[in-house]
Amino acid sequence: GAVVSQHPSRVICKSGTSVKIECRSLDFQATTMFWYRQFPKQSLMLMATSNEGSKATYEQGVEKDKFLINHASLTLSTLTVTSAHPEDSSFYICSARDMGAGGTYGYTFGSGTRLTVV
Amino acid sequence: AQSVTQLDSHVSVSEGTPVLLRCNYSSSYSPSLFWYVQHPNKGLQLLLKYTSAATLVKGINGFEAEFKKSETSFHLTKPSAHMSDAAEYFCVVSSGTSGTYKYIFGTGTRLKVLA
């Protein structure tokens, strides 16, 4: 089945630095990827939709300049948290859309990245 | 607009007893519905999905869910809970057309399995 690899699984960074998170589709091409943020004991909130070769579409309230998304190839999307602050500490999860059996879309999730900003 | 409501934030069951996690949805048209499971600090794993085929959907690990249009429900069940089932469960409804497809997550239900 479809596999999405997300790296790193955990990262600790100092306040003011930038952190890049990678999301790769390993055995399929993903024209569309999604980035979610999850606060402790809460649900997933969609941050942005990443489309290969074009600008990402951000959800209302998500700062585009703070959360930079690049989807330069059909198998890789990156999320860069710029000038990170402690309030950016969270669990970030990506998902990729793949064409499954029967011509229906499926969504496969990465294993998530725990970001801690100190 | 599409939305999904998980009626219980926490559910506790004893090992070997049935599991029922409730989910109600709202959709302007025929929805696609999903159940995902998340173990601590892990990503999401698809348990099962409904996409307008059979209303009773069987998933992995013995879970199943029944789509009831008249009740706008998609409750998740399992006949006998196992300790390894303890996790967070999310009900998800899809939204939009093929060009703007999004997932809308419920708030989650934390399942606790007692020995």
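Structure shown above.
Residues numbered from 1 in each chain as written. Chains lettered and ligands numbered in written order. Predicted model: local features only at pLDDT ≥ 70, side-chain atom pairs only at ≥ 80, totals over all residues. Heavy atoms only, no water.

(A) Fine view of the overall build of chain A. Summing up its helical and strand segments, chain A has zero helices and 11 strands in all. Counted from the first residue to the last, chain A has its helices and strands arranged as β-β-β-β-β-β-β-β-β-β-β. Computed over its C-alpha atoms, the radius of gyration of chain A comes to 14 Å, within 12% of the 13 Å expected for a compact globule of 118 residues. By the burial criterion, 50% of the 118 residues in chain A qualify as buried. Carbon and sulfur atoms form 52% of the exposed surface of chain A, whose accessible area is close to 5800 Å². Separation between the mean location of the 11 positive side-chain charges and that of the 9 negative ones in chain A comes to 6 Å. (Helix = DSSP H or I, 4+ residues; strand = E, 2+ residues; numbered from the N terminus. Rg over C-alpha atoms; globule rule 2.2 N^0.38 Å. Buried < 20%, exposed > 50% of the residue type's maximum accessible area, 1.4 Å probe, protein only. Areas by Shrake-Rupley, 256 points an atom, 1.4 Å probe, with all protein chains shown as cover. Lys, Arg positive; Asp, Glu negative; His and termini not counted. Charge placed at Lys NZ, Arg CZ, Asp CG, Glu CD.)

(B) The arrangement of the pattern of salt bridges in detail. This model, assessed by the stated rule, comprises six salt bridges over all chains. With its nearest N and O atoms 2.8 Å apart, the salt bridge here joins Lys58(B) to Glu64(B). (Salt bridge = Lys/Arg side-chain N within 4 Å of Asp/Glu carboxyl O.)

(C) Quick peek at the pairing of strand S1 (residues 3-6) of chain B. Residue and element names in this part refer to chain B. What you see with S1 is a clean split: Val-4 and Gln-6 sit on the buried side and Ser-3 and Thr-5 on the side with no burial. As judged from the four bridges shared by S1 and strand S4 (residues 23-26), these two strands associate in the antiparallel manner. Bridge pairing in S4 links Gln-6 to Cys-23. (Pairing = 2+ DSSP bridges.)

(D) Structural detail: the side chain of Asp8(B). Residue and element names in this part refer to chain B. Within the fold, Asp-8 resides in the loop between S1 and strand S2 (10-14). A polar atom in the side chain of Asp-8 sits 3.0 Å from the side chain of Arg-22. The residues contacting Asp-8, other than those within four sequence positions of it, are Arg-22, Gly-108 and Thr-109. (Polar contact = N/O pair within 3.5 Å; in protein donor to acceptor, adjacent residues only side chain to side chain. Contact = heavy atoms within 4.5 Å.)

(E) Expanded view of the interface of chain B and chain A. Contacts between the two partners involve 16 residues from chain B and, on the opposite side, 20 residues from chain A. Interface area for chain B against chain A, summed over the two sides, is near 1500 Å², with a carbon-plus-sulfur share of 53%. Applying the counting rule to chain B against chain A returns zero salt bridges. At the boundary of chain B with chain A, the tally comes to four residue pairs in polar contact (both at pLDDT 80 or more). Elements supplying a minimum of two residues to the side of chain B that touches chain A: strand S5 (33-38), strand S6 (44-50) and strand S11 (102-105) of chain B. (Buried area = accessible area lost by both parts, 1.4 Å probe.)

(F) Molecular detail of the nonpolar core. Trp35(B), Leu48(B), Phe74(B), Leu76(B) and Tyr89(B) are the most contacted members of the largest nonpolar core, which totals 26 residues. For this core, the element with the most residues is strand S10 (residues 87-95) of chain B, which contributes four residues. Ignoring sequence-local partners within four residues, the contact set of Phe74(B) consists of Cys23(B), Leu33(B), Phe34(B), Trp35(B), Leu48(B), Tyr50(B), Val57(B), Ala65(B), Glu66(B) and Phe67(B). Counting residues in each nonpolar core, the second largest holds 25 residues, with Val4(A), Phe28(A), Ala30(A) and Ala56(A) among its members. (Core = buried A, V, L, I, M, F, W, Y, C linked by side-chain atoms within 4.5 Å.)

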